[in-house]
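The residues making up each chain are set out below.
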Amino acid sequence: MITCDLAVVGGGPAGLAAAEEAVRHGLQVVIADDGAQPGGQFFRQPPPELRRTRPSPFDSRPGERERLVRVLDHPAVTWWPGTTVWDLPEPGVLAVSRGVGSGRVAARAVLLATGARDRAVPFPGWTLPGVVTAGGCLNLVKGDRVVPGERVVVAGNGPLALVAAATLVRAGVRVLALVESARLGRRALAAVPGMLAAPGNAALGLAYRARLARAGVPVIEGHAVVAAHGRSTVEAVEVAPIDGDGRLDRGRARRLDVDCLVTGYGLTPSTELARLAGCAMHFDAALDAWVPRRDRDLRTSLAWLFAAGDGVDVGGAPRAMVEGRLAAAGIAVWLRELDGAAVDVTLRRRIAGLRRRHRRMERFRRALAAVYPSPADWLGLATASTTICRCEDVTAEMVEASLDRGLPSLVRLKAETRAGMGPCQGRGCVATLARMVARAAGCDARDVALPRARPPARPIPLGDLLHEPIPPPDLPDDPHLPRGAP
């Protein structure tokens, strides 16, 4: 078993910034990330086999990434790419899957910097080839330097769809429209004071809108894609307006011929490990997700476990980096206090400065959320034949039939239909299923009990479990007696 002061789960902006801060304060750090290269989705890079002579315009803040990844060369840092943390079986202990290096890491403190994933919103045709999420689209452009289509509609709710549309325009794709469900208008003006808390981010958003305007891309506000059509791949989409009450007016839908649809309905924090560890959770209505509770040092309800970045509150890479540094500095203080060592004034001042920056980034995050409210009930997009759980091919009709047979419950629904039991373990469908259960029960989504979290948090090769320390069996002297008998 490997030991360290701080184990960081995730090598994206929050995780790398946390490691950079931690080594400043003399901590030994292990970073485990399931990606092949550091940087996460935001700093995603092409594979090293592709020769590059200069930074690409599709690289996000290349100078900042280069500075961050230098921490991996620090002698106090152990970097494990291609590593899946699949359980937290004991306080401070990580079960890791990494081939012959599988096993466990024992740390005095653990930081979850697990990031977020695309939020799935089912609608007729969303499983057709050629329908991709905004995050997946950006990964294709950044990591593989390919585009998902030539005639593209980008649709959804929030800044991620705007980023995807602007990136595709820069890549030379013909973007037919950006379909945004919110109506910005006065909301954008009212949010200006909060947006100025992070003027660089606000300016970047304006630059994206200007790029679309120069390319002649119409931004259709107050609309949503209600269906995608095609045989072997997507060929057309239907776009319908949303009325003042948030209802979709399918009678006024119009059709656009496409060869790709990019959907961006925001991001959902990856909280599987926090739930496995037993953290106290709370329901974030804006994210429509259960996330771990944290104090001002970003510590969860477990003294040894901290969480930072989009894995808790989706606020973008700059905010995630501030959170990573703040968490690492707080961990350094906590470990020194545990050891009975004095905490110098410089470190205290460092934390105070990081907290001020964090408050500014939080004002920006809240202002941005106010600009892009979700005006529609996304459950209204699904029809009876719409697939809800892609892994197990469970349709809305099958879910509704199960809910009609008895007391609405996610646990019972999962057992009856196998929804949420596929390779993704419900990461793509549980939020939608919870909303369907809530609707059937006449309650709020926050009142729906989630299924119990069980390891592994992510699928892992069975062979990697052979590297786990397995205790000898507790067998009786007489093999005919039950286990544990004298």
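Anything mentioned here points back to the structure above.
Residues numbered from 1 in each chain as written. Predicted model: local features only at pLDDT ≥ 70, side-chain atom pairs only at ≥ 80, totals over all residues. Heavy atoms only, no water.

(A) Representation of the pairing of strand 2 (residues 29-32). Going residue by residue along strand 2, you find Val29 and Ile31 tucked away on one face and Val30 and Ala32 tucked away on the opposite face as well. Looking at chain direction, strand 1 (residues 2-9) and strand 2 are connected through 4 bridges and run parallel. Residue pairing in the sheet places valine 8 in a bridge with isoleucine 31 of strand 2. As a crossover connection, the stretch from strand 1 through helix 1 (residues 13-24) into strand 2 is right-handed. (Buried < 20%, exposed > 50% of the residue type's maximum accessible area, 1.4 Å probe, protein only. Helix = DSSP H or I, 4+ residues; strand = E, 2+ residues; numbered from the N terminus. Pairing = 2+ DSSP bridges. Right-handed = clockwise from strand over helix to strand, strands pointing away.)

(B) Broad picture of unusual backbone geometry. For the peptide bond that leads from proline 455 to proline 456, omega is 0°, which places it in the cis range. If you trace the backbone, proline 456 turns up in the segment after helix 13 (430-441). With a phi close to 60°, arginine 145 is a non-glycine residue in the positive phi region. Assignment of secondary structure puts arginine 145 in the loop between helix 3 (134-144) and strand 9 (151-156).

(C) Region of interest: the packing of helix 11 (residues 396-404) against helix 13. Helix 13 packs onto helix 11 with a crossing angle of 40° between their chain directions and a minimal axis gap of 11 Å. Classed by the angle they form, the pair helix 11 and helix 13 counts as oblique. Relative to helix 13, the crossing made by helix 11 is right-handed. In contact with Ala396, Val399, Glu400 and Leu403 of helix 11, helix 13 contributes Leu433, Met436, Val437, Arg439 and Ala440. Along the lines of polarity and charge, the residues of the contact of helix 11 with helix 13 split into 7 nonpolar, no polar and 2 charged. (Axes fitted to C-alpha atoms, helices over the stretch in contact; angles between N-to-C directions. Parallel < 35°, antiparallel > 145°, perpendicular 65-115°, else oblique. Left-handed = near helix turned anticlockwise from the far one by under 90°. Contact = heavy atoms within 4.5 Å. Nonpolar A, V, L, I, M, F, W, Y, C, P; charged D, E, K, R; others polar.)

(D) Spatial organisation of the environment of proline 89. As for its placement among the helices and strands, proline 89 is situated in strand 4 (residues 84-90). Sequence separation between proline 89 and arginine 405 is 316 residues; the distance between their C-alpha atoms is 37 Å. In contact with proline 89, not counting residues within four places along its chain, are Ala95 and Arg104.

(E) The arrangement of the side chain of aspartate 87 in detail. Relative to the assigned elements, aspartate 87 resides in strand 4. One buried charge, aspartate 87, has no salt-bridge partner; the nearest side chain with opposite charge is arginine 104, at 5.9 Å. (Lys, Arg positive; Asp, Glu negative; His and termini not counted. Salt bridge = Lys/Arg side-chain N within 4 Å of Asp/Glu carboxyl O.)

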